[in-house]
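One letter stands for each residue in the lines below.
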Amino acid sequence: QVQLVESGGGLVQPGGSLRLSCAVSGSIFSINVMGWYRQAPGKERELVADITSGGSRNYADSVKGRFTISRDNARNTVYLQMNSLKPEDTAVYYCNARIRVTIASMPYVYWGQGTQVTVSS
């Protein structure tokens, strides 16, 4: 059973920082792209950042220069360092990963349960 377990959310003041982590557990063959999405109340889920197994990164324009995505392939973990946080960054943040469970299986996208990030004074 593949699971993605997130941690690191919370309440922070504007201008502050948070670091989110997402660890993949279970028996897997490989992980391709890992990413972070967010969903604010009344809005659709949107991509924040993603990173390939080779380290290529992609960011939403709204977070460029403030957020950094990274991954530890040995630990099957993806991180999101969020600096200079703004109230508009408030959302539930979800990690996802495109995973092949076996060498013969097709890639499948798994999601974490979500972690709340609130930026408020």
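Residues numbered from 1 in each chain as written. Predicted model: local features only at pLDDT ≥ 70, side-chain atom pairs only at ≥ 80, totals over all residues. Heavy atoms only, no water.

**Student:** Before we go on, may I ask you to explain the pairing of strand β7 (residues 67-72) in this structure?
**Tutor:** The side chains of a regular strand alternate, first on one face of the sheet and then on the other. Burial of β7 is one-sided: the residues Phe67, Ile69 and Arg71 facing one way are buried, the residues Thr68, Ser70 and Asp72 facing the other way are not. In terms of strand pairing, β7 meets strand β8 (residues 77-82) through six bridges, oriented antiparallel. Counted as the bridge partner of serine 70 is tyrosine 79 from β8. Adjacent in sequence and paired antiparallel, β7 and β8 are bridged by four residues, among which asparagine 76 carries a positive phi angle near 50°. (Buried < 20%, exposed > 50% of the residue type's maximum accessible area, 1.4 Å probe, protein only. Helix = DSSP H or I, 4+ residues; strand = E, 2+ residues; numbered from the N terminus. Pairing = 2+ DSSP bridges.)

**Student:** Sorry, what's going on with the pattern of salt bridges here?
**Tutor:** Proximity of charged atoms lets side chains of opposite charge pair with each other. Here the structure, examined in full by the defined rule, presents five salt bridges. Between aspartate 89 and arginine 66 there is a salt bridge; the shortest N-O distance is 2.8 Å. Separated by 23 residues along the polypeptide, aspartate 89 in the loop between β8 and β9 (91-100) and arginine 66 in the loop between β6 (57-59) and β7 bring together distant segments of the chain. For aspartate 89, a relative accessible area of 1% gives the class buried. The exposure class of arginine 66 is buried, given its relative accessible area of 11%. (Salt bridge = Lys/Arg side-chain N within 4 Å of Asp/Glu carboxyl O.)

**Student:** In this structure, what is going on with the sheet that holds strand β3 (residues 18-25)? I would like to understand it.
**Tutor:** What holds strands together in a sheet is hydrogen bonding between their backbones, with the strands either parallel or antiparallel. Here we have four strands laid out as an open sheet, ordered β1-β3-β8-β7, and antiparallel in their pairing. Edge positions in the sheet fall to β1 (3-7) and β7, since each has one partner strand and no second. For this sheet, the mean angle separating the axes of adjacent strands, direction not counted, is 15°. (Axes fitted to C-alpha atoms, helices over the stretch in contact; angles between N-to-C directions.)

**Student:** Would you take a moment to explain the side chain of threonine 115 for this structure?
**Tutor:** Along the chain, threonine 115 turns up in strand β11 (residues 115-119). Judged by relative accessible area, threonine 115 falls into the buried class, the value being 11%. Reaching out from threonine 115, the side chain makes a polar contact with the backbone nitrogen of glycine 9 at a distance of 3.4 Å. Sequence-distant contacts of threonine 115, that is, excluding residues within four places in its chain, are made with Glu6, Gly9, Leu20, Ala91, Val92 and Tyr93. (Polar contact = N/O pair within 3.5 Å; in protein donor to acceptor, adjacent residues only side chain to side chain. Contact = heavy atoms within 4.5 Å.)

**Student:** Is there a simple way to think about unusual backbone geometry in this case?
**Tutor:** Residues other than glycine predominantly adopt negative phi, and peptide bonds predominantly adopt the trans conformation. Of note, the phi angle at asparagine 76 is positive, near 50°, even though the residue is not glycine. On the secondary structure map, asparagine 76 appears in the loop between β7 and β8. Of note, serine 84 is a non-glycine position whose phi angle comes to about 50°, a positive value. Taking the relative accessible area as the measure of exposure, serine 84 reaches 39% and is therefore partly exposed.

**Student:** How should the packing of aromatic side chains be read in this particular structure?
**Tutor:** Two aromatic rings, taken as a pair, are described by how far apart their centres are and by the angle between their planes. Within this structure, the stated rule accounts for two aromatic pairs. For the pair tyrosine 37 and tryptophan 111, a centre-to-centre distance of 5.1 Å together with 65° between the ring planes defines the contact as edge-to-face. One end of the pair, tyrosine 37, is in strand β4 (residues 30-39); the other, tryptophan 111, is in strand β10 (residues 108-111), and 74 residues separate them in sequence. Owing to a relative accessible area of 22%, tyrosine 37 belongs among the partly exposed residues under this scheme. (Phe/Tyr/Trp six-rings, centres within 6.5 Å; stacked < 30°, edge-to-face > 60°.)

**Student:** It is not clear to me how the nonpolar core should be interpreted in this structure. Could you clarify?
**Tutor:** The nonpolar side chains of soluble globular proteins are, as a tendency, buried together. One finds Leu4, Trp36, Leu80, Met82 and Tyr93 to be the most contacted residues of the largest nonpolar core, which totals 31 residues. Looking at this core, the elements with two or more residues in it are β3, β4, β5 (46-51), β7, β8, β9 and β11. (Core = buried A, V, L, I, M, F, W, Y, C linked by side-chain atoms within 4.5 Å.)

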